[in-house]
Amino acid sequence: GDRRPGAAPIDRVRLIAVPRGLPFGGIGLLGTVLFGDYVFGELDYLLVQGTAHELAHTWWGNMTGAGDSAEAGFFNESFAEYSAWRGLGELQGPAVRTSGVRMNAVWYMYRRPEDRDIAILDPAIEDSDLFVWVTYHKASVALRALETRTGTAAFDRVLKRMVQLGVSNVTSDRFITALSEESGRDLSAEAGGWLRGVGFPHLTASAEIIGSEVVVRVSNDGAQTMLLPVRLTDASGRTTEGTVDIAAGTVEARIAFTGARPVLVELDPTWTAPREIIPEVVGDVTFDGEVDALDLIEVALRHGGDLATERRKDGGYDPLYDIDGDRRIGGADLAAISLR
């Protein structure tokens, strides 16, 4: 078998159904995944997602981990969930990864009981009823945000360093130090904001075309900072990629384009962070400063998206397009734009 550093010490995967008495939906033991037999049926969608997550425990929990410290859940479950959707994206396409990350972000942001919250690395999280929302959902997406900031190659080096530390030797301090060293910039404040802070950023955004540039302005009322992708699309479907560095307060980014004038500006279309994006003009989902037919088309394309009531289901919900705030993208949202 493959014995390179970081390679899985397995050459095949076995899925085994166990009786309903299993206290977990699934357990990963290197190349073996045990599933409660109740998963086979109406919860079949969990088989692919769950298998990916449990196999990720080959590294996060079996080959490395934080021992019995309060950070164990973060390094076991958060990293496994992050790795699962990254792996599914590699196998099935980037849209699948976006779907999974969006599901986790939305579930954390809008399904927490009574909107209560707790920090990812708060020692009290192990006994908190918010453990699932914060450890599985928020923290896995926070890792996605840190990957975007450092760049995938640098983040992979960080992950490799964590695995090589072995069982019981991983700590958040070592993780944050590795992020800074591999990226070549001090990321202690940014990583600390995600891991030790509560809440998520609420971003108010607008865009303006000036000459051959799109000027994107974003106001952030949260403590977390991040690097978010921006995608410009013109009427022919041609795209231009850029980024906006989100800090506290208001920031501005200029993205040059060639050719036709962009008709659509998308801020973080691949869901790289837990965040809420609000147009400066209500209903202006294309961020062009006015509510028009283009906004109607964009909302119509997402018609039917809803905030799923079942954990780990992606209802395709994006609050940007939920104009009336009823947690469903439907006819009422189209009507609200039409009236404007």
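Above: the structure in question.
Criteria and cut-off values
- Residues numbered from 1 in each chain as written.
- Predicted model: local features only at pLDDT ≥ 70, side-chain atom pairs only at ≥ 80, totals over all residues.
- Heavy atoms only, no water.
- Helix = DSSP H or I, 4+ residues; strand = E, 2+ residues; numbered from the N terminus.
- Buried < 20%, exposed > 50% of the residue type's maximum accessible area, 1.4 Å probe, protein only.
- Pairing = 2+ DSSP bridges.
- Axes fitted to C-alpha atoms, helices over the stretch in contact; angles between N-to-C directions.
- Salt bridge = Lys/Arg side-chain N within 4 Å of Asp/Glu carboxyl O.
- Core = buried A, V, L, I, M, F, W, Y, C linked by side-chain atoms within 4.5 Å.
- Contact = heavy atoms within 4.5 Å.
- Patch = residues over 30% accessible without salt bridge, like charges linked within 9 Å, V, L, I, M, F, W, Y side chains within 5 Å.
- Areas by Shrake-Rupley, 256 points an atom, 1.4 Å probe, with all protein chains shown as cover.
- Polar contact = N/O pair within 3.5 Å; in protein donor to acceptor, adjacent residues only side chain to side chain.

Visitor: How should I be thinking about unusual backbone geometry in this particular structure?
Guide: When glycine is set aside, most residues are seen to have a negative phi, and most peptide bonds are trans. Backbone geometry at Trp271 places phi at a positive 50 degrees, although glycine is not the residue there. Locating Trp271 in the fold gives a position in the loop between β9 (262-267) and β10 (276-279). For Trp271, a relative accessible area of 2% translates into the label buried.

Visitor: Where do I start with the sheet that holds β10 in this structure?
Guide: Pairing between the strands of a sheet comes from backbone hydrogen bonds, and it takes one of two forms, parallel or antiparallel. If you trace the four strands from one edge of the open sheet to the other, you get β8-β5-β4-β10, paired in mixed fashion. Each edge of the open sheet is held by one strand with a lone partner, namely β8 (249-256) and β10. With strand direction ignored, the average angle separating the axes of adjacent strands in the sheet is 30 degrees. Of the pairings in the sheet, the one linking strand β4 (residues 202-210) to β10 comprises four bridges and is parallel in character.

Visitor: When you look at the pattern of salt bridges in this model, what are you seeing that I'm missing?
Guide: As a working rule, side chains carrying opposite charge can pair if their charged atoms are close by. Across all of its chains, the model carries 23 salt bridges by this definition. Put simply, Arg196 and Asp173 hold a salt bridge, and the shortest N to O gap is 3.4 Å. With a gap of 23 residues between them, Arg196 in helix α7 (residues 188-196) and Asp173 in helix α6 (residues 172-183) connect regions that are remote in the sequence. Taking the shortest distance from any N to any O, the salt bridge between Arg217 and Glu208 comes out at 3.3 Å. Judged by relative accessible area, Glu208 falls into the partly exposed class, the value being 36%. What you see here is one network of salt bridges that share partners, running through Glu208, Glu213, Arg217, Glu252 and Arg254.

Visitor: What am I meant to see in the nonpolar core here?
Guide: Considering soluble globular proteins, one finds that nonpolar side chains tend to be buried as a cluster. Phe74, Phe175, Val218 and Val244 are the most contacted members of the largest nonpolar core, which totals 73 residues. Per-element tally for this core: the top contributor is helix α4 (residues 131-150), with seven residues. For Val244, the contacting residues outside a window of four places in its chain are Val218, Met226, Leu227, Leu228, Val230, Val251, Ala253 and Leu267. With five residues, the next largest nonpolar core counts Ala52, Ala84, Trp85 and Leu88 among its residues.

Visitor: What is the right way to look at a nonpolar patch on the surface in this model?
Guide: Among the surface-exposed residues, Leu294, Ile297 and Leu301 lie close enough to one another that they form a single nonpolar patch of about 280 Å² accessible area. Of note, Leu301 is situated in helix α8 (residues 293-301). In this structure Leu301 comes out as exposed when scored by relative accessible area, which is 61%.

Visitor: It is not clear to me how the environment of Arg112 should be interpreted in this structure. Could you clarify?
Guide: In this fold, Arg112 is placed in the loop between α3 (94-111) and α4. Distance from Arg112 to Val132, taken between C-alpha atoms, is 9.4 Å for residues 20 residues apart in sequence. In this view, Arg112 contacts Trp107, Asp117, Leu130, Trp133 and Phe200; residues no more than four positions away in its chain are not counted. A distance of 2.7 Å separates a polar atom in the side chain of Arg112 from the backbone oxygen of Arg116.

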